2 protein chains.
Amino acid sequence: MSVTLAPASTIEPADDPIYLTDFVREMLRQTRALDSYGQWDGKTVAAILAGYVLSKEQKRAIPTIGDPDEVTLARVKAFHNAIAVLIEKECGQMAVPFVQITHEGFGRALITVGKLVVMDRTLRDVHRFGFDSLSKMKTEADKHLAVALEIIGKYPDVAGM
Amino acid sequence: MSVTLAPASTIEPADDPIYLTDFVREMLRQTRALDSYGQWDGKTVAAILAGYVLSKEQKRAIPTIGDPDEVTLARVKAFHNAIAVLIEKECGQMAVPFVQITHEGFGRALITVGKLVVMDRTLRDVHRFGFDSLSKMKTEADKHLAVALEIIGKYPDVAGM
């Protein structure tokens, strides 16, 4: 009986302009911050960010039983930290991310600016956290950024509290 | 050499009117919800809530090294859940509590109503979470409730988002 292996991650090649975007640079910074033991020193950017890119087949191969592992949780936090940093850069005020994973891969991610909740999402199947490509990940982050800036623009006094 | 034992918790006697307040009733409800195995069945209200009342000496005897234990974390969550329930009762909108304990007993507790952060506090020395009496605990909760309702009154449209 042969086992079909999940295909390799389809992350963008090293010369893709995606690596020059603020978001991907911030993801790299956030991800490097997790590397306490310097295991990624000398590795390519694509290798460091590879864990965020998962094909549908790769996701399907990950069981969603029990709590997600530490590495996955750290990636979920890095993603929301990066969004918070971008919000902060755009609006000039501190944006604070909160990620709460409860049980079995469910949770909630919040970003607050002052007394304003600028992002609030339910997380599901955190075990399978990943995107089709870095570009898809950036699109998702850009969506949250746009909504956040819209809310801040609408209630600047609450964001400034 | 004799060891000075911490004095027993100075929780209010069973006929104290504090037990009739909405807050203490809600604390009882929240705390009972933690009792999956029915260990508190048949116990007095004072016995069930005793863990929230710690004298200064008792607090001092608790080491703040490492992560706080599960029971303490559950109490911190129950306290903030109860505040959220009171906010909800007063303003008629859903109040969502969020407690994040990071490392070594530090953390943050948030309550949101709509897109409004109505409570935001830093937690410290969570290992020693406790109050001089139920009355002191209620005073603390009432303070957060009052501030929350003030913010909601000021920004009803953000709370209603």
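For the structure given in this document, a descriptive report is provided here. Small disclaimer: the values here were computed from a predicted structure and weren't measured.

Concerning the relation of the copies chain A and chain B
The operation relating the pair of chain copies consists of a rotation about an axis and a translation along that axis.
Right, on to step 1. For the pair chain A and chain B, the relating rotation is 180°, the translation along its axis is 0.0 Å, and the fit reaches an RMSD of 0.0 Å. The transformation just described matches what one would write down for a two-fold rotation axis. No C-alpha of chain A lies nearer the rotation axis than that of leucine 116 of chain A, which sits 2.6 Å from it.
Right, on to step 2. Take the interface residues of chain A: 100% of them recur as interface residues in chain B, which is what a same-surface contact looks like.

Quick word on helix α1 (residues 22-33) of chain B
Residue and element names in this part refer to chain B.
Right, on to step 1. The end-to-end C-alpha distance of α1, which contains 12 residues, comes to 17 Å, matching closely the 16 Å that a straight helix rising 1.5 Å per residue would cover.
Right, on to step 2. Listed as buried for α1 are Phe23, Val24, Glu26, Met27, Leu28, Gln30 and Thr31.
Right, on to step 3. Looking at the packing, one finds that the buried side of α1 touches α2 (45-49), α4 (70-91) and α5 (134-154).

What about the interface of chain A and chain B?
Right, on to step 1. With 17 residues of chain A in contact, the opposing surface of chain B contributes 17 residues.
Right, on to step 2. Across the chain A/chain B interface, buried area totals approximately 1,700 Å², and carbon plus sulfur atoms make up 63% of it.
Right, on to step 3. Where chain A packs against chain B, one counts 0 salt bridges.
Right, on to step 4. Where chain A meets chain B, there are 4 residue pairs in polar contact (both at pLDDT 80 or more).
Right, on to step 5. Only β1 (95-101), β2 (107-113), β3 (116-123) and α6 (156-159) of chain A provide two or more residues apiece to the side of chain A that touches chain B.
Right, on to step 6. In terms of residue count, the dominant contributor to the side of chain A that touches chain B is β1 of chain A (4 residues).
Right, on to step 7. Taken together, the residues of the side of chain A that touches chain B break down into 10 nonpolar, 3 polar and 4 charged.

A word on the nonpolar core
Right, on to step 1. Within the largest apolar cluster, 86 residues are counted, with the highest numbers of intra-cluster contacts made by Ile87 of chain A together with Ile87 of chain B.
Right, on to step 2. Aside from chain neighbours lying at most four places away, what touches isoleucine 87 of chain B is Gly92, Ala95, Ile111, Val113, Val118, Leu145, Ala148, Leu149 and Ile152 of chain B.

Re the side chain of lysine 115 of chain A
Right, on to step 1. By secondary structure assignment, the location of lysine 115 of chain A is in the loop between β2 and β3.
Right, on to step 2. For the buried residue lysine 115 of chain A, which engages in no salt bridge, the nearest side chain bearing the opposite charge is aspartate 120 of chain B, 5.1 Å off.
Right, on to step 3. Not counting residues within four places of it along the chain, the set of residues in contact with lysine 115 of chain A comprises Val158 and Met161 of chain A together with Lys115, Leu116, Val117, Asp120 and Ile151 of chain B.

Brief notes about the side chain of arginine 108 of chain A
Right, on to step 1. Relative to the assigned elements, arginine 108 of chain A resides in strand β2.
Right, on to step 2. A relative accessible area of 15% places arginine 108 of chain A in the buried class.
Right, on to step 3. Of the polar contacts made by the side chain of arginine 108 of chain A, one reaches the side chain of aspartate 120 of chain A; its length is 3.0 Å.
Right, on to step 4. Setting aside its immediate chain neighbours within four residues, arginine 108 of chain A contacts Phe98, Val99, Gln100, Asp120, Arg121, Thr122 and Leu123 of chain A together with Val96, Phe98 and Thr112 of chain B.

A few points about unusual backbone geometry
Residue and element names in this part refer to chain A.
Right, on to step 1. At aspartate 125, a residue that is not glycine, the phi angle is positive and equals roughly 45°.
Right, on to step 2. Mapping aspartate 125 onto the fold places it in the loop between β3 and α5 (134-154).
Right, on to step 3. Note on aspartate 125: relative accessible area 34%, which makes it partly exposed.

A few points about helix α4 (residues 70-91) of chain A
All names here are of chain A.
Right, on to step 1. With 22 residues, α4 ought to run about 32 Å at 1.5 Å a step, and its terminal C-alpha atoms sit 31 Å apart, in line with that.
Right, on to step 2. Every buried residue of α4 is accounted for by Thr72, Leu73, Ala74, Val76, Ala78, Phe79, His80, Ala82, Ile83, Ala84, Leu86 and Ile87.
Right, on to step 3. The inward-facing, buried residues of α4 contact α1 (22-33), β1, β2, β3 and α5.
Right, on to step 4. Where α4 begins, one side-chain oxygen reaches toward the backbone nitrogen of valine 71, 3.1 Å away; that side chain belongs to aspartate 69.
Right, on to step 5. Just beyond α4, the residue with positive phi is glycine 92, at close to 75°.

Side note on the packing of aromatic side chains
Right, on to step 1. Under the criterion given, the structure shown has 9 aromatic pairs over all chains.
Right, on to step 2. Between phenylalanine 98 of chain A and phenylalanine 98 of chain B, the aromatic rings sit 5.3 Å apart at their centres with planes inclined by 85°, giving edge-to-face as the arrangement. Placement of the pair is phenylalanine 98 of chain A in strand β1 and phenylalanine 98 of chain B in strand β1 (residues 95-101), with the two residues belonging to separate chains.
Right, on to step 3. By relative accessible area, phenylalanine 98 of chain B is classed as buried at 1%.
Right, on to step 4. Consider the rings of phenylalanine 129 of chain A and phenylalanine 131 of chain A, whose centres lie 5.3 Å apart with planes at 85°: the pair is edge-to-face.
Right, on to step 5. Of the residues examined, phenylalanine 129 of chain A reaches a relative accessible area of 13% and is grouped as buried.
Right, on to step 6. Residue phenylalanine 131 of chain A is classed as buried on the basis of its relative accessible area of 11%.

Looking at the environment of glutamine 100 of chain A
Right, on to step 1. Among the secondary structure elements, glutamine 100 of chain A is positioned in strand β1.
Right, on to step 2. Taking the C-alpha atoms as reference points, glutamine 100 of chain A and glutamine 30 of chain A, 70 residues apart in sequence, are found 18 Å from one another.
Right, on to step 3. Other than its neighbours up to four places away in sequence, glutamine 100 of chain A contacts Phe106, Gly107 and Arg108 of chain A together with Phe98 and Val99 of chain B.
Right, on to step 4. Here the side chain of glutamine 100 of chain A touches valine 99 of chain B through a polar contact of 2.9 Å, landing on its backbone oxygen.

Quick word on the pairing of β2 of chain A
All names here are of chain A.
Right, on to step 1. Among the 7 residues that make up β2, 7 are buried, leaving the element largely enclosed by the rest of the structure.
Right, on to step 2. Because side chains alternate across β2, one face comprises the buried residues Gly107, Ala109, Ile111 and Val113, and the other comprises Arg108, Leu110 and Thr112, equally buried.
Right, on to step 3. Sheet analysis places β1 next to β2, joined by 7 bridges and oriented antiparallel. Looking across to β2, one finds that phenylalanine 98 is bridged to leucine 110.
Right, on to step 4. Between β1 and β2, which pair antiparallel one after the other, the connecting turn spans 5 residues, and glutamate 104 there sits at a positive phi close to 60°.
Right, on to step 5. In the sheet, β2 pairs with β3 via 7 bridges, with the strands oriented antiparallel. Within β3, the residue paired with alanine 109 across the bridge is arginine 121.

What counts as what
Residues numbered from 1 in each chain as written. Chains lettered and ligands numbered in written order. Predicted model: local features only at pLDDT ≥ 70, side-chain atom pairs only at ≥ 80, totals over all residues. Heavy atoms only, no water. Least-squares fit on C-alpha atoms with pLDDT ≥ 70 in both. Contact = heavy atoms within 4.5 Å. Helix = DSSP H or I, 4+ residues; strand = E, 2+ residues; numbered from the N terminus. Expected span 1.5 Å × (residues − 1). Buried < 20%, exposed > 50% of the residue type's maximum accessible area, 1.4 Å probe, protein only. Buried area = accessible area lost by both parts, 1.4 Å probe. Salt bridge = Lys/Arg side-chain N within 4 Å of Asp/Glu carboxyl O. Polar contact = N/O pair within 3.5 Å; in protein donor to acceptor, adjacent residues only side chain to side chain. Nonpolar A, V, L, I, M, F, W, Y, C, P; charged D, E, K, R; others polar. Core = buried A, V, L, I, M, F, W, Y, C linked by side-chain atoms within 4.5 Å. Lys, Arg positive; Asp, Glu negative; His and termini not counted. Phe/Tyr/Trp six-rings, centres within 6.5 Å; stacked < 30°, edge-to-face > 60°. Pairing = 2+ DSSP bridges.

Keep in mind these numbers describe shape, not what the thing actually does.
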